[in-house]
Amino acid sequence: MIEITLPDGSRRNFAHAPTVREVAESIGPGLAKAALAGRIDGSLVDLGRLIEHDAHLEVITEKSPDALGIIRHSTAHLLAQAVQRLFPGAQVTIGPVIDNGFYYDFAYERPFTPEDLPRIEEEMRKIAAEALPLARTVKSRDEAIDFFRRLGEEYKVEIIQAIPASDELSLYSQGEFTDLCRGPHVPDTGRLKAFKLLKVAGAYWRGDSGNQMLSRIYGTAFLSDKDLNAHLRQLEEAERRDHRRIGKAQDLFHLQEEGPGLVFWHPRGWAIWQVVEQYMRRVYRDTGYGEVRCPQILDVSLWQKSGHWDNYQENMFFTESEKRTYAVKPMNCPGHVQVFKQGLHSYRDLPIRYGEFGACHRNEPSGALHGILRVRGFTQDDGHIFCTEEQIESEVAAFHRQALKVYTDFGFSDVQVKIALRPDKRLGDDATWDKAEHALRSALRGASVEWQELPGEGAFYGPKIEYHLKDAIGRTWQLGTMQVDFMMPGRLGAEYVDEHSVRRHPVMLHRAIVGSMERFIGILIEHHAGAFPVWLAPLQAIVLSITDAHAPYASQVAQALVQQGFRVQADLRNEKVGYKIREHTLQRVPYLLVVGDREMEQGAVAVRALSGADLGSMPLASFAARLASEARPG
RNA sequence: GCUCACGUAGCUCAGUCGGUAGAGCACUUCCUUGGUAAGGAAGAGGUCACAGGUUCGAUUCCUGUCGUGAGCACCA
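Residues numbered from 1 in each chain as written. Chains lettered and ligands numbered in written order. Predicted model: local features only at pLDDT ≥ 70, side-chain atom pairs only at ≥ 80, totals over all residues. Heavy atoms only, no water.

Describing the sheet that holds strand S11 (residues 177–180)
Then, number 1: Strand order in the open sheet formed by three strands is S9-S10-S11, with antiparallel pairing between adjacent strands. Only two strands of the sheet have a single neighbouring strand rather than two, namely strand S9 (134–140) and S11. Sheet twist, expressed as the average angle between the axes of neighbouring strands with direction ignored, equals 30 degrees.
Then, number 2: Sheet analysis places S9 next to strand S10 (residues 168–174), joined by seven bridges and oriented antiparallel. The partner of Leu134 across the bridge, within S10, is Gln174.
Then, number 3: Against the sheet, helix H3 (residues 67–86) engages S10 and S11, with an angle of about 130 degrees to S11.
Then, number 4: Strands in contact with helix H5 (residues 141–151) are S9, S10 and S11; relative to S9, the strand with the most contacts, it is inclined by about 120 degrees. (Pairing = 2+ DSSP bridges. Helix = DSSP H or I, 4+ residues; strand = E, 2+ residues; numbered from the N terminus. Axes fitted to C-alpha atoms, helices over the stretch in contact; angles between N-to-C directions. Contact = heavy atoms within 4.5 Å.)

A short note on the pairing of strand S8 (residues 101–107)
Then, number 1: Across the seven residues that make up S8, a large majority, seven, are buried.
Then, number 2: Side-chain alternation along S8 places Gly101, Tyr103, Asp105 and Ala107 on one buried face and Phe102, Tyr104 and Phe106 on a second face that is also buried.
Then, number 3: Where strand S6 (residues 91–92) meets S8, two bridges bridge the pair, whose relative direction is antiparallel. Among the inter-strand pairings, Gln91 is bridged to a residue of S8, identified as Ala107.
Then, number 4: By the bridge criterion, two bridges tie strand S7 (residues 97–98) to S8 in an arrangement that is antiparallel. Within S8, the residue paired with Ile98 across the bridge is Gly101.
Then, number 5: Between S7 and S8, which follow one another and run antiparallel, lie two residues, and Asn100 among them has a positive phi close to 65 degrees.
Then, number 6: Summarising the sheet, S8 and strand S13 (residues 213–222) pair through five bridges and their orientation is antiparallel. Residue pairing for S13: Tyr103 is matched across the bridge by Tyr218. (Buried < 20%, exposed > 50% of the residue type's maximum accessible area, 1.4 Å probe, protein only.)

Quick look at the packing of helix H9 (residues 267–286) against helix H16 (residues 517–527)
Then, number 1: Orientation of H9 relative to H16, taken along the N-to-C sense of each, is 110 degrees, at an axis distance of 11 Å. In terms of orientation, H9 and H16 fall into the roughly perpendicular class. At the point where H9 passes H16, the crossing takes the right-handed sense. Along the contact surface, H9 presents Ile272, Trp273, Val276 and Glu277, while H16 presents Met517, Glu518, Phe520, Ile521 and Leu524.
Then, number 2: A breakdown of the residues in the contact of H9 with H16 according to their chemical character gives seven nonpolar, no polar and two charged. (Parallel < 35°, antiparallel > 145°, perpendicular 65-115°, else oblique. Left-handed = near helix turned anticlockwise from the far one by under 90°. Nonpolar A, V, L, I, M, F, W, Y, C, P; charged D, E, K, R; others polar.)

As for the side chain of Glu395
Then, number 1: Secondary-structure assignment places Glu395 in helix H13 (residues 392–409).
Then, number 2: For Glu395, a relative accessible area of 10% corresponds to the buried category.
Then, number 3: Leaving out residues up to four positions away in the same chain, Glu395 has contacts with Pro351, Arg353, Ile385, Met482 and Leu509.

Observations concerning unusual backbone geometry
In terms of backbone geometry, most residues other than glycine have negative phi values and most peptide bonds are trans.
Then, number 1: With omega at -5 degrees, the peptide bond leading from Leu350 into Pro351 counts as cis.
Then, number 2: As for its position among the elements, Pro351 is in the loop between strand S20 (345–346) and strand S21 (352–361).
Then, number 3: In this structure, Asp251 takes a positive phi of about 60 degrees despite not being glycine.
Then, number 4: Note on placement: Asp251 falls in the loop between helix H8 (243–249) and strand S14 (253–254).
Then, number 5: With relative accessibility at 42%, the residue Asp251 sits in the partly exposed group.
Then, number 6: With a phi close to 65 degrees, Lys323 is a non-glycine residue in the positive phi region.
Then, number 7: Locating Lys323 in the fold gives a position in the loop between strand S18 (317–321) and strand S19 (324–328).
Then, number 8: Taking relative accessible area as the criterion, Lys323 reaches 87% and is therefore assigned exposed.

Section: the protein's contact with RNA strand B
Then, number 1: The environment of RNA strand B is formed by 51 residues, the closest being Met331, Arg362, Ser366, Asn574 and Arg582.
Then, number 2: Backbone atoms, meaning sugar and phosphate, make up 49% of the atoms of RNA strand B lying within 4 Å of the protein.
Then, number 3: The separation between a base nitrogen of RNA strand B and a polar side-chain atom of Arg582 is 2.4 Å.
Then, number 4: Measuring from a base nitrogen of RNA strand B, one finds a side-chain N or O atom of Glu599 at 2.6 Å.
Then, number 5: Elements that contribute at least two residues to the surface near RNA strand B include exactly strand S12 (194–204), S13, H8, helix H18 (577–586), helix H19 (597–602) and strand S33 (604–609).
Then, number 6: Looking at the surface near RNA strand B residue by residue, the classes come out as 22 nonpolar, 13 polar and 16 charged. (Near = heavy atom within 4 Å. Polar contact = N/O pair within 3.5 Å; in protein donor to acceptor, adjacent residues only side chain to side chain.)

Structural notes on the packing of H5 against helix H6 (residues 154–161)
Then, number 1: Contact pair H5 / H6: the axes reach a minimum separation of 8 Å and the direction vectors enclose 165 degrees. Classified by the angle their axes make, H5 and H6 are roughly antiparallel. For the pair H5 and H6, the crossing hand works out as left-handed. Residues Arg141, Ala144, Ile145, Phe148 and Arg149 of H5 pack against Glu154, Lys156, Val157, Ile160 and Gln161 of H6.
Then, number 2: The residue makeup of the contact of H5 with H6, split by class, is five nonpolar, one polar and four charged.

Focus on the side chain of His584
Then, number 1: One can find His584 in helix H18.
Then, number 2: Here His584 falls in the buried class, since its relative accessible area comes to 10%.
Then, number 3: Here Asp571 takes part through its side chain, which lies 2.7 Å from a polar atom of the side chain of His584.
Then, number 4: Here His584 is in contact with Ile542, Leu544, Asp571, Arg573, Val589 and Leu592, once residues within four sequence places are set aside.

What about the pattern of salt bridges?
Then, number 1: For the structure shown, the criterion picks out 39 salt bridges.
Then, number 2: Between Asp142 and Arg141 there is a salt bridge, with the nearest N and O atoms lying 3.5 Å from each other.
Then, number 3: In this structure Asp142 comes out as partly exposed when scored by relative accessible area, which is 48%.
Then, number 4: Classification of Arg141 as buried rests on a relative accessible area of 17%.
Then, number 5: Across the salt bridge formed by Arg285 and Asp286, the nearest N and O atoms sit 3.3 Å from each other.
Then, number 6: The network of salt bridges with common partners includes Arg85, Glu123, Lys126, Glu130 and Glu176. (Salt bridge = Lys/Arg side-chain N within 4 Å of Asp/Glu carboxyl O.)

What is shown is where atoms sit, not what they do.
Here you go:
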């Protein structure tokens, strides 16, 4: 007798061990039809799985949050089967579910190209229509190796060989195709209806650039065509937000062949930059930083001492003069240490904080470049705090509060916080690392934030807090960071005198809030889809003359607002006002001020908001007051 | 850096199965002076990324270089 407990607490008894499907059938034919898989005592299984002991069972239908993952995983198998039908000799490797879809990596005599995708997708539809049932079998590790070796699937063999010999492995078969897989899967391929292959790409076997390049096919699958189409529309919407597209459309910046990864800022883009920079300068000022400015190039000997020569040379640019080699700075920290070293500091002076809008150059791999989000020349809001060990935690906590305040002011609420912990290759002893990691954790705990930990991802000199934000299509980019460094001050000879007149090396905290100005502005563009709030907008208002007769008044209005510190221009072109409105609306100017005879007579402006809302005619002073109230962060 | 794709007018793109190219928008000039998302006409504008090769002839085919895009690797 087997007793099954359902999620609602009710119990059902079976004379023999039932399958999940049989339990579902016993509840009702509707449920049996809708069932995709089951969850026995918390673990997901197939519909065909026998339940051999008393258990809690949940029948997974399309309504379950687990359904999508199962569908996508099964669709990845569908893709693999289709590829093997069409391209005999293609070997399967791995095909996991990822955010928003799945991929499958293949080893084949040639890479797949976008032209192959429609054919493959067609074959997938064929297999789905065949409604092939999926069968799960279990083999020992050695049997499984034997099985895949006979099929010529050397990559599968390699995967299995990494698994302990005692483990049992499950294999899933649908028609002629069998794949190693943990499961669960849909009961038959007919359950897969809404899918689409999206792109091809190269990917290294086991993610190691020393290994063979495999051919990866990305796809996505949903429970219904409606969901699939909604997702595809969302991708299109994300493309419209792309900072590269908006940057061009709004004349913010450009990049060109002669300067890969180097940004040319145009007046409108630089206006945004200036707002961000002045805002961040105020943050430096308000939080006790002295702003500094250090040289762009310094003799390599300094970079040899700092460790950059040994650890970072490949990413640095060099230049020469009079038989000396200089490095273009990739980081600001060595410069700040030089500032600290001028004169002798007492422990009473600590913490000492320096901030810089430091322009750095890093020779990033060409394939890493991406618009203004990943560049070779960039400016950091880079600060360094020289302090004692005891001061670390309060400094970190204060920084964290400030960083979140800044992100909030710029309109970001979805900020992911991560702590990158000690890497295998590191300097310093474990006690020091314990201390540093503890300081980061307890500072974050004190601020009651949730964070994710990334073991092994810290810098060689210390752990770091990372602040991540998402771009329009869901890629996350690290902006801010707070790093604890016990090494650099010693290497570069930074010292202070403690209360016992002993010279000691301070701890150095590396910190940035927006990270790179370029990246941050890129993210801002995408976040706001180019429609910036008034305080950030490159152009806050534009004055539109209706006819030539109103041009002098329009200029006068624009000039008056400019003199009050607003970013305002006049559009005096001989065009109809509707044309001008269309153009500046597309440029996402927050306020359009129309001036004609009525406004001229009354010293007024007719205000139209970007939304299209007509705010009516108002005295220029009223509009200026409105602008002033909106020209602040938040 | 690796794999694949792409590079045509200022922008967005079409095109040439090998015979030196076209649209829309923008730009210039003229007409129009019009009250809330495109008024009209005319004109100008391209060494088809760059360098080789094949060919009677290359923007088109091939090779290389540079750049861009997607992904991978990288991101101290």
